[in-house]
There are 6 protein chains.
Amino acid sequence: MNVVYTNILRAEPEVVKGLARHGVATVHEAQGRTGLLGPALRPIYPGAHIAGPAVTVSLPPADNWMIHVAVEQCQAGDILVVAPTSFSDAGYFGELLATSLGARGVRGLIIDAAIRDMHELTRMGFPAWSKAVHAQGTVKETLGSVNVPVVCAGGLVNPGDVVVADDDGVCIVPRLEAAAVLKASEAREAKEAATRRRLQNGELGLDIYDMRDKLAKRGLIYRAQALPE
Amino acid sequence: MNVVYTNILRAEPEVVKGLARHGVATVHEAQGRTGLLGPALRPIYPGAHIAGPAVTVSLPPADNWMIHVAVEQCQAGDILVVAPTSFSDAGYFGELLATSLGARGVRGLIIDAAIRDMHELTRMGFPAWSKAVHAQGTVKETLGSVNVPVVCAGGLVNPGDVVVADDDGVCIVPRLEAAAVLKASEAREAKEAATRRRLQNGELGLDIYDMRDKLAKRGLIYRAQALPE
Amino acid sequence: MNVVYTNILRAEPEVVKGLARHGVATVHEAQGRTGLLGPALRPIYPGAHIAGPAVTVSLPPADNWMIHVAVEQCQAGDILVVAPTSFSDAGYFGELLATSLGARGVRGLIIDAAIRDMHELTRMGFPAWSKAVHAQGTVKETLGSVNVPVVCAGGLVNPGDVVVADDDGVCIVPRLEAAAVLKASEAREAKEAATRRRLQNGELGLDIYDMRDKLAKRGLIYRAQALPE
Amino acid sequence: MNVVYTNILRAEPEVVKGLARHGVATVHEAQGRTGLLGPALRPIYPGAHIAGPAVTVSLPPADNWMIHVAVEQCQAGDILVVAPTSFSDAGYFGELLATSLGARGVRGLIIDAAIRDMHELTRMGFPAWSKAVHAQGTVKETLGSVNVPVVCAGGLVNPGDVVVADDDGVCIVPRLEAAAVLKASEAREAKEAATRRRLQNGELGLDIYDMRDKLAKRGLIYRAQALPE
Amino acid sequence: MNVVYTNILRAEPEVVKGLARHGVATVHEAQGRTGLLGPALRPIYPGAHIAGPAVTVSLPPADNWMIHVAVEQCQAGDILVVAPTSFSDAGYFGELLATSLGARGVRGLIIDAAIRDMHELTRMGFPAWSKAVHAQGTVKETLGSVNVPVVCAGGLVNPGDVVVADDDGVCIVPRLEAAAVLKASEAREAKEAATRRRLQNGELGLDIYDMRDKLAKRGLIYRAQALPE
Amino acid sequence: MNVVYTNILRAEPEVVKGLARHGVATVHEAQGRTGLLGPALRPIYPGAHIAGPAVTVSLPPADNWMIHVAVEQCQAGDILVVAPTSFSDAGYFGELLATSLGARGVRGLIIDAAIRDMHELTRMGFPAWSKAVHAQGTVKETLGSVNVPVVCAGGLVNPGDVVVADDDGVCIVPRLEAAAVLKASEAREAKEAATRRRLQNGELGLDIYDMRDKLAKRGLIYRAQALPE
């Protein structure tokens, strides 16, 4: 059954805004090393860093019809997450769809497939994370669903979850955990700032993190030189 | 049998010039979604956009001897297309070959293998689409052929066909269809310009392309909310 | 047995400095087409070009504990080479470790896995060659070894070997051969400079390298036109 | 937080038994072309065909500690589904674990990583679907969870869902839909039996499925011969 | 434009029969190391060895409609060659299509995608060479073409060409060269039979092929022992 | 420089014979989880299990000349290990070379590339571990070396090291450690035999390995049921 859910719950705007200040690595660690999508998803240009609620699209391989349907479900600040039901490297998404999403204030695209019109998307400043750039056209023949849970690049995305994306990739924060993850991210960054200063001054992580004893207990040996074979 | 064909028919310069004004995605669509080479071929630097007749090279894995032979067959405006007869990621092509091709006015390189001297090629502005950057050297021991049909990154390329390449990848236009594809590309871009303005104004593709009825007939359902499980 | 060797022999600083003036492709050719690591290793930003003695780390998949141990073994000018004992695309290395290495004057990182904090590493100008960018966190639970021979991206690296890395990838020069390879690199570049000028003037490699006879003897045929099938 | 849920709801034994009579392709079609795990999962020997409720394990890369924990949660008839939190091709599972699961009546293993002791598992008749065979050992250092939802080979698996696995791969049937999917599978097979007899008698799918009109309307053209180029 | 060519020229039955007596490796060598499809194509069960004229199908990713169209174009002894226009690992082909082709005397299938019902195809003895086994269903929405030239697994296949397939993979012999290639295959096998007997008696290839001089001239050195480093 | 070392030191025959009684997984564990070659190397038929001293070959991509040279260096009981200097999936090795090696008593082949004549090798019972089966022919134009250290499928192999290969893959035991590794393998198997009996009787690994405390200390939680979201 193919359904479009029109009325999803989105994470709080203030929380989303807060998460946008943190990088993917920080957010991923702050929620217990979960939520990261696979490393095949790469930004089409460096330097983009966005966060926003997910509008999800499940669609057939090489058929982009449902993206047109999904555009209508997007609000300003959203991020579109597109997942084919089986492997595809076709170019589902190009400059016209980006223009349409841009007119609605959508912040970017995550797609477990390819985009095209890379040059134009870059020029427009419409960021996309995809597993390929490929001009291969798609058809508009088969239905899918909008705002259902999808598996995208090996990770689960529910509609309304917060997507955080930067040069490191894409991390998904479940809607109901977003506020707690924001708080944990801020705590983590505060702690790292202190560590950073010490490292800049030449202190070693071995001492800062108090690792020497634990290493010795596990049996690590230091030797001046390799034995002659 | 290893042959160099010295006298190939090239697409009309005016048509090639016209095709160079269109992106790979447009040309690929304009010729009925055919001719696209595989997405493993990526430009070594962003922003290059070229078109030109193909001079083709079929050669053994990790042996670049025939590229030296092919240089002599290239004219100003040509694009060299290199396809090993079995998989190779060796670095067949570097700065000296680019210098030689550049001196003849060749516009760029398409290779179903790797290039090297990436930094120098970028600095020279000699664009190349390859499936890898790899310094691995090649030998000069075994013959191949020049200006025979080759399969490059999964697509067929005949000598004299028009190669169009940009950030989206590489598309091949058969020589005898080039004029018709140029016309179709221009028509497509004109039509897209009108659509673009409507999308910028917030109209939806669903309405512009008149999709709502067709979606309903196929059985698409809209619901406010997911049922509780 | 897990060991840290604290007292490795490094290549001569003058030789390392000399090798840093040559690209990876040149060095690889100058030492007889050996020493190149696989093309999966790519720089996280273009334009970096470094050389330095290798401090090597052998560690478990998805566990970066030993990198903290290795930092202490690094001196100014070194390059850290990290190789998991089985396949991993986890993000072993980020901005804090780069800060710590930077404070010691380490020149860069080679890792047969992923890095994270790509944006920050780029901003800091700390170059890294990795096979992926991935925020996936690692643990600190299992020992490895420092300054043992490692296989990294398909190539053997001994501690103290010279690492040369640029946009073309990474090449390893055995410590005891470094001076000879430097000399051969200089000779190669001198010879190429002369060839370059001739190619720029339109001479053909076929003539410069005297290939026409050898090609004819192997049986290469020139034909004006393809026979009708 | 790492949790073991000890008390999962399993699909009805009668329904599981029914689903075991149908192949993966049938079940996948009967539930609307959903639930299929990726084709990287292959059986370690041909001919196995099993169905059973999933006991799920989420664990770190290259660490099999939680499999030992999960064994205790398995009942006769269950199938163990193991998913690392990031990519791993380590050999998490071998003959001793299979012996332990076999002693409890577990039917088989699905793992998005590698197994080892392939020869012994085959001899014991303990079927496993994995993405590799690899002897690479794992550690027992880091916690994970048992009977939480996991993404395995690109598909979502909830504890208690029915796993169906055969030579075609692995399909997951949500627990609450299992009875309906069984009914749909039986209906599909009955219909296919009738079609099979007609095809055996030489009737064409074009006629049985009444495709000729639709093909003509879409514009399919029949020609005796290719035009001369 | 989507066309079905109904009247292709097939290679001579006697020649096809002759080629079926030779393995893929022999035929590939006999026609000058050309015609081999890529190694991703593997037989679904070992031991099959067939030859026959190609009926070719070009179709969209994840859409198997045109296979139903192609069945009608097949004659006894033919081999169906299926190539999607962009990457797909969907399961286009299963037991019902095999039943239909079997009823017409078709010898097997070559597909640059996946098959399903592997167990049933094996039991029926209907051989298939595919790049995956995957139950993923396809749609029947978009046209393609039958008996046009296709690129399949990196090789060009024209309708009527002879397909030879065995455990080593798939080789394509152009129709007009088939008789010559058969003769060359027979000559090659005769020569190899003589060599085989000499090798069985302990003679070395170095002597049989008279390689020692050539090796020495190229500079190969024999040493009793590695020098101490 | 291309060299053939004619006089390598081989591991003791008694030790080799002993190691052949143990599987790859056991040997790999017994030497501290080292020495395993990558999982891309698969046996061409199931059930083979061999051990023997390595004769190593380093050769160019798609050029098998040096295998002919290496045959002469092989003794009864040896295993030939072949590693191209850059990636290749060509078919370097077929039935004639196997015949020649078989006549000398060589036990099998490990190759980081492809073999061909798979059917014949299987029939002859000549086992090979390769990363592909591919009929693609090679040339005999460029030298390499025999009995030098090689990196094969990501692992280091020195001439004379013991190769152990079975359905799980390939493990390399350094010559000087072979006796100790044999002893450790025997100890490991003895210990596992005892564990196996307890597991067969239904005891749990959690208890046999005394894991419950350690798990609790790390914070593992048991819960009867998932909380409602």
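Keep in mind that this is a model prediction, so the values were computed, not measured.

(A) Spotlight on the overall build of chain A. Of regular secondary structure, chain A possesses eight helices and 13 strands. Along the longest, intermediate and shortest principal axes, the C-alpha atoms of chain A span 70 × 50 × 35 Å. Expressed as a percentage of the 229 residues in chain A, the buried residues total 62%. When the 23 basic and 25 acidic side-chain charges of chain A are each reduced to a single mean position, those positions are 6 Å apart.

(B) Representation of the pairing of strand β4 (residues 79–84) of chain F. All names here are of chain F. Across the six residues of β4, six count as buried, placing the element largely inside the fold. The two faces of β4 match: Ile79, Val81 and Ala83 on one face and Leu80, Val82 and Pro84 on the other face are all buried. Alignment of strand β3 (residues 50–59) against β4, held across six bridges, turns out to be parallel. If you follow Thr56 over to β4, its bridge partner there is Val81. For the handedness criterion, the β-α-β arrangement of β3, helix α3 (residues 65–71) and β4 is classed as right-handed. Both β4 and strand β6 (residues 108–115) contribute to a ladder of four bridges, which runs parallel.

(C) A look at the interface of chain D and chain A. Listed as interface residues are six residues of chain D and, on the opposing side, six residues of chain A. Where chain D abuts chain A, roughly 450 Å² becomes buried across the two surfaces, and 60% of that area is made up of carbon and sulfur atoms. Scanning the region where chain D abuts chain A turns up two salt bridges. Measuring nitrogen to oxygen at the nearest pair gives 3.7 Å for the salt bridge that ties Arg218 of chain D to Glu141 of chain A. Viewed at the interface, chain A and chain D are joined by zero residue pairs in polar contact (both at pLDDT 80 or more). Grouping the amino acids of the side of chain D that touches chain A by side-chain chemistry returns two nonpolar, two polar and two charged.

(D) Local environment of helix α6 (residues 178–200) of chain B. Here α6 of chain B is 23 residues long and its end C-alpha atoms lie 32 Å apart, about the 33 Å a rise of 1.5 Å per residue gives. Inspection of α6 of chain B places Ala178, Val181, Leu182, Ser185, Glu192, Thr195 and Leu199 of chain B among the buried residues, and these make up the whole buried set. For α6 of chain B, the elements touching its buried residues are α4 (95–103) of chain A together with α1 (13–19), α2 (24–30), β11 (162–166), β12 (169–173) and α7 (205–208) of chain B. Trailing α6 of chain B by a residue or two, Gly202 of chain B shows a phi angle of about 95°, which is positive.

(E) Quick look at unusual backbone geometry. Although it is not a glycine, Arg33 of chain A sits at a positive phi angle of roughly 60°. Given a relative accessible area of 29%, Arg33 of chain A falls into the partly exposed group. Positive phi outside glycine occurs at Ala62 of chain F, with the angle close to 60°. Tracing the backbone shows Ala62 of chain F in the loop between β3 and α3.

(F) Spatial organisation of the relation of the copies chain D and chain A. When chain D is fitted onto chain A, the two copies agree to an RMSD of 0.0 Å after a turn of 180° and an axial shift of 0.0 Å. Given the turn and translation reported, the copies of this chain are related as if by a two-fold rotation axis. Taking the C-alpha atom as reference, chain D places Gly154 of chain D closest to the rotation axis, 2.5 Å from it. Mapped onto chain A, 100% of the interface residues of chain D are again interface residues, and the two copies thus contact each other with one and the same surface.

(G) Here's a closer look at the side chain of Ser130 of chain E. Residues and elements named next belong to chain E. Among the structural elements, Ser130 can be located in strand β7 (residues 128–133). Polar contacts involving the side chain of Ser130 include one to the main-chain carbonyl oxygen of Ala132, which spans 2.8 Å. When neighbours within four sequence positions are excluded, Ser130 is seen to be in contact with Ala40, Leu41, Arg42, Ile44, Ile111, Ala113, Ala114 and Ile115.

(H) Summary view of the packing of α4 of chain A against α6 of chain B. Where α4 of chain A meets α6 of chain B, the axes come as close as 8 Å, and the angle between the chain directions of the two elements is 15°. What the angle tells us is that α4 of chain A and α6 of chain B run roughly parallel. Note on packing geometry: the crossing formed by α4 of chain A with α6 of chain B is right-handed. Two secondary-structure elements touch here, α4 of chain A through Glu95, Leu96, Thr99, Ser100 and Ala103 of chain A and α6 of chain B through Glu192, Thr195, Arg196, Leu199 and Gln200 of chain B. Taken together, the residues that form the contact of α4 of chain A with α6 of chain B break down as three nonpolar, four polar and three charged.

(I) Summary view of the pairing of strand β11 (residues 162–166) of chain C. Residues and elements named next belong to chain C. Within β11, five of the five residues are buried, leaving the element largely enclosed by the surrounding structure. On β11, burial covers both faces: Val162, Val164 and Asp166 on one face and Val163 and Ala165 on the other are all buried. Of the pairings in the sheet, the one linking strand β3 (residues 50–59) to β11 comprises four bridges and is antiparallel in character. Across the sheet, the residue bridging to Gly52 is Val163, located in β11. Sheet topology note: the β11/strand β12 (residues 169–173) ladder contains five bridges and is antiparallel. Bridging across to β12, Ala165 finds its partner in Val170.

(J) Highlighting the interface of chain E and chain F. Contacts between the two partners involve 38 residues from chain E, matched on the other side by 37 residues from chain F. Surface buried jointly by chain E and chain F totals about 3200 Å² across both partners, of which 60% is contributed by carbon and sulfur atoms. It is Pro39, Asp168 and Arg223 of chain E that lose the most area in chain E upon contact with chain F, and together they represent 17% of the buried surface on that side. Across the contact surface, chain E and chain F share four salt bridges. Inspection of the chain E/chain F interface yields 15 residue pairs in polar contact (both at pLDDT 80 or more). Elements with a contribution of two residues or more to the side of chain E that touches chain F: α2 (24–30), α6 (178–200), α7 (205–208), α8 (212–218) and β13 (221–223) of chain E. Considering every element that reaches the side of chain E that touches chain F, the biggest residue donor is α6 of chain E, with six residues. The class makeup of the residues in the side of chain E that touches chain F is 16 nonpolar, nine polar and 13 charged. In this sheet, strand β1 (residues 3–5) of chain F lies alongside β13 of chain E in parallel orientation, the contact comprising three bridges.

Definitions and limits used
- Residues numbered from 1 in each chain as written.
- Chains lettered and ligands numbered in written order.
- Predicted model: local features only at pLDDT ≥ 70, side-chain atom pairs only at ≥ 80, totals over all residues.
- Heavy atoms only, no water.
- Helix = DSSP H or I, 4+ residues; strand = E, 2+ residues; numbered from the N terminus.
- Buried < 20%, exposed > 50% of the residue type's maximum accessible area, 1.4 Å probe, protein only.
- Lys, Arg positive; Asp, Glu negative; His and termini not counted.
- Charge placed at Lys NZ, Arg CZ, Asp CG, Glu CD.
- Pairing = 2+ DSSP bridges.
- Right-handed = clockwise from strand over helix to strand, strands pointing away.
- Contact = heavy atoms within 4.5 Å.
- Buried area = accessible area lost by both parts, 1.4 Å probe.
- Salt bridge = Lys/Arg side-chain N within 4 Å of Asp/Glu carboxyl O.
- Polar contact = N/O pair within 3.5 Å; in protein donor to acceptor, adjacent residues only side chain to side chain.
- Nonpolar A, V, L, I, M, F, W, Y, C, P; charged D, E, K, R; others polar.
- Expected span 1.5 Å × (residues − 1).
- Least-squares fit on C-alpha atoms with pLDDT ≥ 70 in both.
- Axes fitted to C-alpha atoms, helices over the stretch in contact; angles between N-to-C directions.
- Parallel < 35°, antiparallel > 145°, perpendicular 65-115°, else oblique.
- Left-handed = near helix turned anticlockwise from the far one by under 90°.

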